[in-house]
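Read off the chains here:
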Amino acid sequence: MPKRKCTFNISLQNKYPFIKQRSGESDVTCEKCRTDFSVRHGGASDIEKHLKSEKHKLSDQAAASSSSMLSFFKRTNLATSKDLDIAAAEGAWAYHTVQENHSFRSNDCASNLIQTCFEQKFRCARTKSQAIVVNVLAPMAMDELKEHLHEAHCISLLTDASNHGSIKLFPVLVRYFVPYEGVRVRILEFQKQPGESSDIIVDYLKEVLSCNDLNKKTVAFCADNTNCNFGGKNRKGINNVYAKFNLSVGRQLIGIGCGAHIIHNAIKTAADCLPADFECIIVKNYSFFYIYSIRVEILRVL
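What counts as what
Residues numbered from 1 in each chain as written. Predicted model: local features only at pLDDT ≥ 70, side-chain atom pairs only at ≥ 80, totals over all residues. Heavy atoms only, no water. Salt bridge = Lys/Arg side-chain N within 4 Å of Asp/Glu carboxyl O. Helix = DSSP H or I, 4+ residues; strand = E, 2+ residues; numbered from the N terminus. Buried < 20%, exposed > 50% of the residue type's maximum accessible area, 1.4 Å probe, protein only. Phe/Tyr/Trp six-rings, centres within 6.5 Å; stacked < 30°, edge-to-face > 60°. Core = buried A, V, L, I, M, F, W, Y, C linked by side-chain atoms within 4.5 Å. Contact = heavy atoms within 4.5 Å. Pairing = 2+ DSSP bridges. Axes fitted to C-alpha atoms, helices over the stretch in contact; angles between N-to-C directions.

Caption draft 1: Molecular detail of the pattern of salt bridges. Enumeration according to the criterion identifies ten salt bridges in this entry. Here E196 and K168 are joined by a salt bridge, their closest N and O atoms 3.2 Å apart. Of this pair, E196 sits in the loop between strand 7 (182-193) and helix 7 (198-212) while K168 sits in strand 6 (residues 167-178), and the two are 28 residues apart along the sequence. Its relative accessible area of 41% is what places E196 among the partly exposed residues. Put simply, K244 and D199 hold a salt bridge, and the shortest N to O gap is 2.5 Å. With K244 in helix 9 (residues 241-249) and D199 in helix 7, this residue pair connects regions lying 45 residues apart in the sequence. Three or more residues are tied together by salt bridges with common partners; here these are E144, E181 and R184.

What follows is the structure, encoded as structure tokens:
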């Protein structure tokens with residue numbers, strides 16, 4: 001008589017749902033202890049024999065004493081009004097951190113303080129604050145800016161170089177008009193560049209305008225009054241940013257220099273024409289008061 005060959009059938013699958021069939025008809029695996037075995041010789045008796053093994057008992061005890069990972073996550077359909085209020089408060093706190101130019105590291109202490117004094121469920125430390133700003137507030141601000149730029153008819157482009165150690169940063173700002181709100185100035189792009197030559201700046205501005213579809217709306221260019229940007233006070237030459245940028249957009253833009261630099265240079269030139277040396281007088285007055293609290297107090301009383 002040939003030996004009987006048992007297979008893993010539907011009745012065994014319904015009785016032992018944690019036992020799953022593998023490639024063969026008799027080959028199975030236990031999902032609790034991750035053990036592979038066969039039911040070829042005994043069928044259900046082979047499974048019962050496996051359930052009595054030491055490895056399966058230890059795995060079964062570990063699974064019973066451990067919490068499910070789902071208990072550590074909130075389900076969206078179970079959010080209450082209080083949960084939404086806490087989420088709004090965390091978003092407002094993350095916005096306050098950026099608005100006041102605070103470090104995300106400071107929220108490690110502030111979050112624990114708010115949690116202790118006001119709301120136990122409030123948690124908005126460094127990592128969460130950064131995630132809210134990067135993944136929620138920043139995309140929302142960019143969407144609002146792109147919507148305003150789409151509705152605007154004319155914009156002015158502003159840029160300048162800023163050194164951060166060995167890194168040269170180039171922010172690009174836009175000035176535009178919004179009905180019922182007035183003139184707004186917003187940061188459109190902020191990237192680092194390998195240098196600040198006229199070719200690098202023009203290529204960077206062209207890329208920003210092309211990505212945001214602003215080539216036809218740009219009417220003015222604003223930057224420092226340097227030779228690299230405008231080619232001197234007479235704005236002549238073809239190797240400066242202003243001349244190359246006009247050539248790239250195909251029309252003459254309005255060139256706007258830095259008003260603060262113009263006023264500073266005007267005051268400096270006017271001071272040089274005065275008969276008295278006011279710079280020497282100001283330095284001596286400063287030296288007379290700056291470390292003497294008694295003299296400062298007498299000046300305040302007078």
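Caption draft 2: Unusual backbone geometry, seen in detail. At R34, a position not held by glycine, the phi torsion is positive, near 55 degrees. As for its position among the elements, R34 is in the loop between strand 2 (27-30) and strand 3 (35-38). Residue R34 is classed as exposed on the basis of its relative accessible area, which comes to 66%.

Caption draft 3: Broad picture of the packing of aromatic side chains. If you walk through the whole model with that rule in mind, you get seven aromatic pairs. Between F221 and F245 the ring centres are 5.7 Å apart and the planes differ by 65 degrees, which places this aromatic pair in the edge-to-face class. Of this pair, F221 sits in strand 8 (residues 218-222) while F245 sits in helix 9, and the two are 24 residues apart along the sequence. Where F288 meets F289, the ring centres are 4.9 Å apart and the plane angle is 85 degrees; that geometry is what we call edge-to-face.

Caption draft 4: Focus on the nonpolar core. Counting residues in each nonpolar core, the largest one holds 26 residues, and the members touching the most others are L149, V174, Y176, L205, F221 and F245. Of all the elements in the fold, those that place two or more residues in this core are helix 6 (126-151), strand 4 (155-159), strand 6, helix 7 and helix 9. Broken down by element, this core gets its largest block of residues, six residues, from helix 7. Every residue in contact with L149, bar those within four places of it in the chain, is listed here: I155, V174, Y176, L188, L214 and K217. Core analysis: the second largest hydrophobic core is formed by eleven residues, C33, F37, V39 and I47 among them.

Caption draft 5: Representation of the sheet that holds strand 3. What the three strands build is an open sheet, ordered 1-2-3; its pairing is antiparallel. Lying at the two open borders of the sheet, with one neighbouring strand each, are strand 1 (19-21) and strand 3. For this sheet, the mean inter-axis angle between neighbouring strands, taken without regard to orientation, is 35 degrees. Of the strand pairs in this sheet, strand 2 and strand 3 are connected by four bridges, and their pairing is antiparallel. Paired with D27 across the two strands is S38, which belongs to strand 3. Seen against the sheet, helix 2 (residues 44-51) touches strand 1, strand 2 and strand 3 and runs at an angle of roughly 150 degrees to strand 3.

Function-wise, these values are silent; they only describe arrangement.
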